[in-house]
Amino acid sequence: MTNSPSTAPELLDAVVVGAGFSGLYMLHKLRAQGLSVRVLEAGSDVGGTWYWNRYPGARCDVESVDYSYSWDEQLQQEWEWTERYPAQPEIQRYLAHVADRFDLRRDISFDTRVTAAHYDEDTARWTVHREGRDPLVSRFCIRDTGCLSVPQTPRLPGLADFRGPVHHTGTWPESGVDFSGQRVGVVGTGSSGIQAIPVLAEQARHLTVFQRTPNFSVPAMNGPLDAETLRQVKATYPERRRKARASPSGVDRGDTEQNAVDVDEHERRQEFENRWGKGGFSLLGAYADLMLDQRANDAVAGFVRDKIREVVDDPDTAERLLPRDHPLGAKRICVDTGYFETYNRDDVSLVDLLESPLETVTADGVRAGGTEHELDALVLATGFDAMTGALNRIDVRGRRGQQLARRWDAGPRTYLGLGVAGFPNMFILAGPGSPSVLTNMVTSIEQHVEWTARCIEYLDTNGYRTIEAEAEAEREWVAHVNEMAAETLFPRANSWYLGANVPGKQRVFMPYVGGLTLYEQKCEEVAAAGYSGFVVK
Ligand code: NA7
């Protein structure tokens, strides 16, 4: 294909927006089906979320041997992960390797931001507009833009007056930042802040953490992967991947079916202790009712609060770090390396913004609760306009020119998370209405890519031109997603799952809490029934 501006654009089979885990596999899969595909990527390389989130300490909270593609046996046998949890540079290297190995780059346009995508009903084609370049025309428009790819910068008063550099963790400079000898402030104690804080503390002369809401975090117990562990994983990869795909969370956490409320306190604490020692998300798999029954959640939350008290030397600081306002897991639990220990350092201070509200950023620092905190640099670990941010910031118009962002004024509405009524031949990958961020994203992405590729193959084989979610099926799915969420403790936190972190955003629980297993079953049933709930023409 060519990007020549002088001739009418060639008709592509698919335009894929985004070259992260999802876009790369989508390209590979569709190309293997003989389709012409172009991937448009705003970054200068592959990686998506992992391309932009290169802040100090950036690391995945799913283990590397699981947070990787399962669709090529040779790839998974040959690639050597070096640590239990992969750091950003290693994930970036992995995806670059995949892009080279499968010759994906020739169909990817980097440094290319998509501004709009408009559907023409007469021709059943999408016109995808790119910043500074001619539009592309395609049969299918596939949105692989990620759930955490639009950074959220709060309107902190006086921020523009600050004399030093301000960096958001989600758009970290590729060249890195040298904080040595500096007084650094961090706003935000979500996963990004909790990962960055211990590393920034090592680099800075003094680190001041501005915390609004304390968060639950469990130790990663990260470390190098030795040859024997890797050998064992590789020897059992097919079974490991099968279990992951058959697990509600897309990774085998060793979930049990027992309820915490049926177990006596001593036994329960022992189980929590064992899982704490293993590190990572294992703790969440301890009992089946942790996200369903407040009493069960209180037990595990109490256990974690005790752990924080044990680690943090100063009792007042420990009290300020204890999460109390939300159930454990209702905001994504953080997985850290030395986070709470960092507060035992003399060169780290904690400012509790609930006690001492942030009044203003000044030229020389931050004033909170009447106290000036002098800073040379500021780091914003303030999160993302999650799940819908990247989908809505492109001007997407479907049938009769209706705009996706307008249609989603009251929150995202999808059928299975994959399709939207009024937007034929548009697929959303791992977005709202699907398990996505509540699971190992790579597992969910693989399921979505494979389902979408098969769906397109079905259309082509049977001579169909378009597929579109039915309004009624979409309405039922949205109601089902909400009902499922309402049965859990998830809505009891002001989380980004609910859009609560973005002022003015509708409060709707966006991901599907039913788990990947149930979800995939439903997707398979729909496909087997000739794509029931979709209009196929
Ligand atoms: P999160 O989890 O949304 O965390 C953002 C943090 O920033 C959180 O502690 C917020 O406090 C804080 N924040 C946001 N705005 C402000 C203002 N105005 N003042 C003070 N503090 C503020 O984003 P992350 O990047 O850490 O993690 C996102 C996901 O990436 C994570 O869940 C993993 O899946 C990977 P709040 O809690 O709102 O009081």
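Values in this document were obtained by computation on a predicted structure and should not be read as measured data.

Each value, and the rule that gives it
Residues numbered from 1 in each chain as written. Predicted model: local features only at pLDDT ≥ 70, side-chain atom pairs only at ≥ 80, totals over all residues. Heavy atoms only, no water. Pairing = 2+ DSSP bridges. Helix = DSSP H or I, 4+ residues; strand = E, 2+ residues; numbered from the N terminus. Axes fitted to C-alpha atoms, helices over the stretch in contact; angles between N-to-C directions. Salt bridge = Lys/Arg side-chain N within 4 Å of Asp/Glu carboxyl O. Buried < 20%, exposed > 50% of the residue type's maximum accessible area, 1.4 Å probe, protein only.

Asker: Tell me what's going on with the sheet that holds strand β15 (residues 371-374), and back it up with residues and numbers.
Answerer: The strand order β13-β14-β15 describes an open sheet built from three strands, whose pairing is antiparallel. The strands lining the two open edges of the sheet, one partner per strand, are β13 (358-362) and β15. Recorded for the sheet is a direction-independent mean angle of 20° between the axes of neighbouring strands. Relative to strand β14 (residues 365-368), β13 runs antiparallel, the two sharing four bridges. Within the sheet, the bridge partner assigned to Val361 lies in β14 and is Val366.

Asker: Explain the pattern of salt bridges to me, using residue names and the numbers behind them.
Answerer: According to the stated counting rule, one finds 43 salt bridges in the structure shown. For Asp395, the salt bridge identified is with Arg397, shortest N-O distance 2.9 Å. Between Glu524 and Arg454 there is a salt bridge whose closest N-O contact spans 2.8 Å. Here Glu524, found in helix α15 (residues 516-528), pairs with Arg454, found in helix α13 (residues 441-461); they are 70 residues apart in sequence, far enough to count as distant. Look at Arg454 and you get partly exposed, because its relative accessible area is 36%. Connected through shared salt-bridge partners, Arg31, Arg38, Asp103, Arg106 and Asp107 make up one network.

Asker: So what's going on with the pairing of strand β16 (residues 377-380)? Which residues, and what values?
Answerer: In β16, alternate side chains face the same way, and those of Ala377 and Val379 on one face and Leu378 and Leu380 on the other are all buried. In this sheet, β16 lies alongside strand β7 (residues 166-168) in parallel orientation, the contact comprising three bridges. Paired with Val166 across the strands is Leu378, a residue of β16. Pairing of strand β8 (residues 183-187) with β16 involves four bridges; the strand directions are parallel. Paired with Val187 across the two strands is Leu380, which belongs to β16.

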